[in-house]
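Here is how the chains run, residue by residue.
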Amino acid sequence: MTRPRYLTDSERAKVLEFQDMIHYSPRYSDDSHEYRHVMLPKNMLKVIPQDYFNPETGTLRILLEEEWRGLGITQSLGWAHYETHAPEPHILLFKRPNNYGQ
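Please read these numbers as outputs of a predicted model, since none were measured by experiment. (Residues numbered from 1 in each chain as written. Predicted model: local features only at pLDDT ≥ 70, side-chain atom pairs only at ≥ 80, totals over all residues. Heavy atoms only, no water.)

1. A look at the environment of Tyr28
Okay, so step 1: Within the secondary structure layout, Tyr28 lies in strand S2 (residues 28–29).
Okay, so step 2: Residues Tyr28 and Lys95 lie 67 residues apart in sequence; the distance between their C-alpha atoms is 9.5 Å.
Okay, so step 3: Sequence-distant contacts of Tyr28, defined by excluding residues within four places in its chain, comprise His33, Glu34, Tyr35, Arg36 and His37. (Helix = DSSP H or I, 4+ residues; strand = E, 2+ residues; numbered from the N terminus. Contact = heavy atoms within 4.5 Å.)

Pasting the structure below:
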């Protein structure tokens, strides 16, 4: 299992300046999963450490829960980051099983 890369105190202070500007989509679902996308302010990408990015695509890599929560993303339990929308690298896609926690 991959270990999370935690932000330093100074890195965390920089990204949390943008926390109130993070936008959460309504939830949507299919037969098996519930989905939502999270839009980070574009300028926030400039203060996220480079090792959070995929060097091949330039987009954020798939983040572990501790990492995306460290960026100030707040969601209930069960959500997993599964994709970054390449044409719009500030959009992160999340999913969790339907009826999670019930």
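2. A look at the nonpolar core
Okay, so step 1: Counting 19 residues, the largest nonpolar core has Leu40, Met44, Ile48, Tyr52, Leu60, Leu71 and Ile73 as its most contacted members.
Okay, so step 2: If sequence neighbours within four positions are ignored, Leu71 has contacts with Leu7, Arg12, Val15, Leu16, Ile22, Met44, Ile48, Tyr52 and Leu63. (Core = buried A, V, L, I, M, F, W, Y, C linked by side-chain atoms within 4.5 Å. Buried < 20%, exposed > 50% of the residue type's maximum accessible area, 1.4 Å probe, protein only.)

3. Re the confidence of the model for the protein chain
Okay, so step 1: This prediction gives the protein chain a mean pLDDT of 94; 99% of its residues lie at or above 70.
Okay, so step 2: Ranking the elements of the protein chain by mean pLDDT puts strand S4 (residues 80–84) last with 95 and strand S1 (residues 23–24) first with 98. (pLDDT = per-residue confidence, 0-100.)

4. Topic: the packing of aromatic side chains
Pairs of aromatic rings are described using the distance from one ring centre to the other and the angle between the two planes.
Okay, so step 1: Overall, the coordinates contain 3 aromatic pairs when judged by the stated rule.
Okay, so step 2: With centroids separated by 5.9 Å and ring planes inclined at 20°, the aromatic side chains of Tyr28 and Tyr35 adopt a geometry described as stacked.
Okay, so step 3: With a relative accessible area of 15%, Tyr35 lands in the buried category.
Okay, so step 4: An aromatic cluster is present here, built from Tyr28, Tyr35 and Tyr82 joined pairwise through their rings.
Okay, so step 5: Lying across the ring of Trp79, Arg36 places its NZ or CZ 5.6 Å from the centre.
Okay, so step 6: Stacked on the ring of Tyr52, the Lys or Arg Arg61 has its end atom at 5.1 Å from the ring centre. (Phe/Tyr/Trp six-rings, centres within 6.5 Å; stacked < 30°, edge-to-face > 60°. Lys NZ or Arg CZ within 6 Å of the ring centre and 35° of its normal.)

5. Some thoughts on unusual backbone geometry
Okay, so step 1: One non-glycine residue, Asn99, adopts positive backbone phi at about 60°.
Okay, so step 2: Relative to the helices and strands, Asn99 resides in the segment after strand S5 (91–97).

6. Some remarks on the pattern of salt bridges
Okay, so step 1: Counted by the stated rule, this structure contains 6 salt bridges.
Okay, so step 2: The salt bridge involving Arg61 is made with Glu67; its shortest N-O contact spans 2.9 Å.
Okay, so step 3: What makes Arg61 partly exposed here is its relative accessible area of 23%.
Okay, so step 4: For Glu65, the salt bridge is made with Arg69, and the minimal N-O distance between the two is 2.7 Å. With Glu65 and Arg69 both in helix H2 (residues 65–70) and 4 residues apart, the pair spans about one turn of that helix.
Okay, so step 5: Within the structure, one salt-bridge network assembled from shared partners comprises Arg5, Glu11 and Asp51. (Salt bridge = Lys/Arg side-chain N within 4 Å of Asp/Glu carboxyl O.)

7. A closer look at the pairing of S4
Okay, so step 1: For S4 and S5, the ladder comprises 4 bridges, and the chain directions are antiparallel. Of the residues in S5, the one forming a bridge with Thr84 is Leu92.
Okay, so step 2: Where S4 hands over to S5, the hairpin turn is made up of 6 residues, counted between the paired strands. (Pairing = 2+ DSSP bridges.)

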